[in-house]
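This is what each chain is made of:
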Amino acid sequence: MSERVSLLRHLTQAAQDGRLDPALALVVQQIGAASREIAAALARAALADVLGAVDSANASGETQKKLDVLANDAFLHALPWTGAVAGIASEELDGTYRVPGARGGYLVLVDPLDGSSNIDVNVSVGSIFSILRAPDGAVGLANDDFLQPGSRQVLAGFTAYGPATVMVLSFGHGVQGFTLDPASGEFLLTQPDMRIPERTSEYAINASNQRWWQPPVQRYVAECMAGKDGPRERDFNMRWVGSMVADVYRLLTRGGIFMYPRDTKDPAKPGKLRLMYEANPIGYVVEQAGGLASTGYERILDIRPEKVHQRVAVILGSREEVERVVAYHREG
Ligand code: P6P
């Protein structure tokens, strides 16, 4: 077998070809370093007494797991000394973190450990990352500098900690998947051009929320469940991991639609998932792989953010199915 392309070689070649700022190559390498540290901690969680919760809450009042804190620390240690990062926003931080004395040109937004409720039951989790440009001369960096629409992302991706640790990455030239080689510690290119099949017969949604869904989602899911005897004239399958990164990696690999729609369970909430460090980076990757990412009413990447931790409805994946759900929202 010919030598596999390492993450470093892929990034360096992109930088040499003018497709990537060399400074971002170093940032991605450091995201890889943080991912390696988190993967190692997850693998030894029960042995190293890092399961369970700490007696603190994150910005949204959610109980933090020990590994949430460890993962957040891993990113806060890995990124500042790249010389390219002016500030960091994280699901685990109330405000935003300004890198001391930084003149870096980029802002990094992370969900350090998404799906952490799955850790104690040994189910896949992930880290999600989004990179925006910092305003020129970002000395007096303000929270509002992070509030840019997802269409302004210059790079986004996630690391899925599953049976294998895989980093999925895009910087505007398609989507690439890299698998961590535990022996060498290198991320090696294993999926060079990930494309989401436009057609799918697999949907992902937390069906226990069915009684709170809005009519367009009620209609779409009911039609999928009706199968070949219903209007879709084919049977569907359902998956729900409870970890967005795992569900999204699956649909990137074999197609699918993932939905965490707005519901009436808590009418004040526009959705459960976070715009800036979940929906935007995942939406960017999904679009780069030929899929769509919508709230049902608008393209996720067009949303003009108002708060770093704001929530949003998420409907994304295979083009044909997302288009159908959006059409149902338009019909009301
Ligand atoms: P529920 C994990 O907490 C998360 O943010 C996503 O990764 C996941 O898809 C979703 O929430 C699961 O939510 O309500 O099914 O537990």
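Being a predicted model, the structure only gives us computed values, none of them experimental.

Chemist: Sorry, what's going on with helix α5 (residues 244–254) here?
Modeler: Counting buried positions along α5 gives nine out of eleven residues, so the element sits mostly inside the fold. Taken together, the buried positions of α5 are M244, V245, A246, D247, V248, Y249, R250, L251 and L252. Downstream of α5 by a residue or two, G255 has a phi angle that is positive, lying close to 90 degrees.

Chemist: Could you clarify how one ought to interpret the side chain of T82 in this entry?
Modeler: Considering the arrangement of structural elements, one finds T82 in the loop between α3 (66–78) and β3 (85–90). Separated by 2.8 Å, the side chain of T82 and the backbone oxygen of L79 make a polar contact. T82 has contacts with L26, V27 and Q30, leaving out every residue within four places of it along the chain.

Chemist: Can you help me understand the nonpolar core in this one?
Modeler: As a rule of thumb, soluble globular proteins bury nonpolar side chains together. Of all hydrophobic cores here, the largest spans 48 residues; its most connected members are V27, L113, I131, L155 and L169. Tallying contributions element by element places helix α2 (residues 22–43) first for this core, with ten residues. Discounting residues that sit within four places of it in the chain, L155 has contacts with L20, V28, F129, S130, I131, L169, S170, F171 and Y284.

Chemist: Help me out: how do you make sense of the environment of H329 in this one?
Modeler: Turning to its location among the elements, H329 is positioned in helix α7 (residues 319–331). The class of H329 is buried, set by a relative accessible area of 5%. With 118 residues separating them along the chain, H329 and R211 place their C-alpha atoms 17 Å apart. Not counting residues within four places of it along the chain, the set of residues in contact with H329 comprises P216, V217, T295, G296, Y297 and I315.

Chemist: It is not clear to me how the packing of aromatic side chains should be interpreted in this structure. Could you clarify?
Modeler: Two numbers describe a pair of aromatic rings. These are the distance of the centres and the angle of the planes. Going through the model one piece at a time under the given rule, you end up with two aromatic pairs. When the ring of W240 is compared with that of F258, the centres are 5.2 Å apart and the planes differ by 20 degrees; the resulting orientation is stacked. Here W240, found in the loop between β12 (237–238) and α5, pairs with F258, found in strand β13 (residues 257–260); they are 18 residues apart in sequence, far enough to count as distant. For W240, a relative accessible area of 26% translates into the label partly exposed. Cluster of aromatic residues (ring-pair linked, three or more members): W240, F258 and Y260. R211 extends its terminal NZ or CZ atom over the ring of W212, reaching a point 3.8 Å from the ring centre. A cation over an aromatic ring shows up here: R219 above the ring of Y328, its NZ or CZ 3.7 Å from the ring centre.

Calculation criteria
- Here the residue numbers are simple positions, counted from 1 along each chain's written sequence.
- Where totals are concerned, whole chains, interfaces and linings use all residues; where local detail is concerned, this predicted model gives features only for residues with pLDDT of at least 70, and gives and counts side-chain atom pairs only at 80 or more.
- The basis for the side-chain values is all heavy atoms of the structure; hydrogens and waters are excluded.
- Each residue gets one of three labels from its accessible area relative to the maximum for its type: buried under 20%, exposed over 50%, partly exposed in between, using a 1.4 Å probe on protein chains only.
- Secondary structure elements follow DSSP: runs of H or I of four or more residues count as helices, runs of E of two or more count as strands, with numbering from the N terminus.
- Here a polar contact means two N or O atoms within 3.5 Å. Within protein one must be a hydrogen donor candidate and the other an acceptor candidate, and residues neighboring in sequence count only if both atoms are side-chain atoms.
- Contact definition: two residues touch when any of their heavy atoms are within 4.5 Å.
- Nonpolar core, defined: a set of buried Ala, Val, Leu, Ile, Met, Phe, Trp, Tyr and Cys residues in which side-chain atoms within 4.5 Å join the residues together.
- Between rings of Phe, Tyr and Trp, where Trp is taken as its six-membered ring, a pair exists when centres lie within 6.5 Å; planes separated by under 30 degrees are stacked, by over 60 edge-to-face, and by other angles tilted.
- Sitting over a ring, as applied to charges here, requires NZ of Lys or CZ of Arg to be within 6 Å of the ring centre and within 35 degrees of the ring normal.

These figures come from the coordinates and say nothing about function on their own.
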